[in-house]
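Architecture at a glance
Residue-level listing of the chains:
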Amino acid sequence: MGVPDKTDMIIKLWTLRDDPELFVSLREDGYEIKRVMSPNISYIYKFINENFAPETEDSSWADEAIPSILSGNCFICVKENKPVGFMCCEGTAKGFVGPLGVLPEHRGHGIARALYITVAKQMLALGYKYAVAGWIHDGGLKTIGKHTDYLLAEGASEGSYKDMI
């Protein structure tokens, strides 16, 4: 059974379960998690828009990344200095995490989990005890749920995103 449509995930950040071995394994495979710097806005916007807009049918993921990049809250995974995945926080709204995307050919290495752990640590450093993943889907539920406890709020996204045009 999948996550009901328009469900938000309320993440209990204080329950974060770190996985240092995951980061070691990724480094050994040539992957590195980095904070996106503002000089890379256009490059990362293009990466997200070209690779993830077909999944969302619009450029909203790339648009959500811009305020995250400007506030130092967007992270990428790179291999051979090329982005292969990203995750942001504080883009859609205060206290929100996401979006999260990993190129299909790089999935299965734990990149999404490493990006989530990095973002969760950032949220904790910002003083949050809870975070919201809006409009969660099965993949996000699996990734986030492996490392933190959470609650699901069915229909909450209708309120979270009601002002979008």
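Before reading further, recall that the structure is shown in the block above.
Presented here is an overview of the structure given in this document. Everything numeric in this text was worked out from a predicted model, so none of it was measured.

Another point: the sheet that holds strand β1 (residues 7–12). In spatial order, the strands read β2-β3-β4-β5-β6-β1-β7; together these 7 strands make up an open sheet with mixed pairing. The sheet is open, and its two borders are formed by β2 (31–35) and β7 (149–154), each paired with just one other strand. The average undirected angle you get between the axes of adjacent strands in this sheet is 25°. Of the pairings in the sheet, the one linking β2 to strand β3 (residues 74–79) comprises 5 bridges and is antiparallel in character. Within β3, the residue paired with E32 across the bridge is V78. Here helix α5 (residues 138–145) sits on the sheet in contact with β1, β5 (96–102), β6 (130–133) and β7, set at roughly 5° to β1.

Right, let's talk about the packing of helix α1 (residues 20–28) against helix α4 (residues 111–125) for a bit. One way to put it is that α1 packs onto α4 with a least axis distance of 10 Å and a crossing angle of 125°. Classified by the angle between their axes, α1 and α4 sit oblique to one another. For the element pair α1 and α4, the recorded crossing hand is left-handed. Here L22, F23 and L26 of α1 lie close against α4, whose contacting residues are I111, R113, A114, I117 and T118. Here the contact of α1 with α4 is composed, by residue class, of 6 nonpolar, 1 polar and 1 charged.

Turning our eyes to something else, we now look at the pairing of β1. Along a regular strand, successive side chains alternate from one face of the sheet to the other. The pairing of β1 with β7 spans 6 bridges and is classified as antiparallel. Across the sheet, I11 pairs through a bridge with Y150, a residue of β7. Both β1 and β6 contribute to a ladder of 4 bridges, which runs antiparallel. Residue K12 lies in a different strand from β6, and its bridge partner there is Y130.

A few words on the state of the cysteines. What the rule picks out here adds up to 0 disulfides. Between C89, a cysteine without a disulfide, and C88, which holds the nearest cysteine sulfur, the sulfur-to-sulfur distance is 7.6 Å. With relative accessibility at 0%, the residue C89 sits in the buried group.

In this section: the packing of aromatic side chains. How two aromatic rings sit relative to each other is given by the distance of their centres and the angle of their planes. The full count for this structure, using the stated rule, is 5 aromatic pairs. Three or more aromatic residues joined by ring pairs make a cluster, and in this case those are F47, F52, W61 and F86.

What counts and how
- Residues numbered from 1 in each chain as written.
- Predicted model: local features only at pLDDT ≥ 70, side-chain atom pairs only at ≥ 80, totals over all residues.
- Heavy atoms only, no water.
- Pairing = 2+ DSSP bridges.
- Helix = DSSP H or I, 4+ residues; strand = E, 2+ residues; numbered from the N terminus.
- Axes fitted to C-alpha atoms, helices over the stretch in contact; angles between N-to-C directions.
- Contact = heavy atoms within 4.5 Å.
- Parallel < 35°, antiparallel > 145°, perpendicular 65-115°, else oblique.
- Left-handed = near helix turned anticlockwise from the far one by under 90°.
- Nonpolar A, V, L, I, M, F, W, Y, C, P; charged D, E, K, R; others polar.
- Disulfide = S-S within 2.5 Å.
- Buried < 20%, exposed > 50% of the residue type's maximum accessible area, 1.4 Å probe, protein only.
- Phe/Tyr/Trp six-rings, centres within 6.5 Å; stacked < 30°, edge-to-face > 60°.

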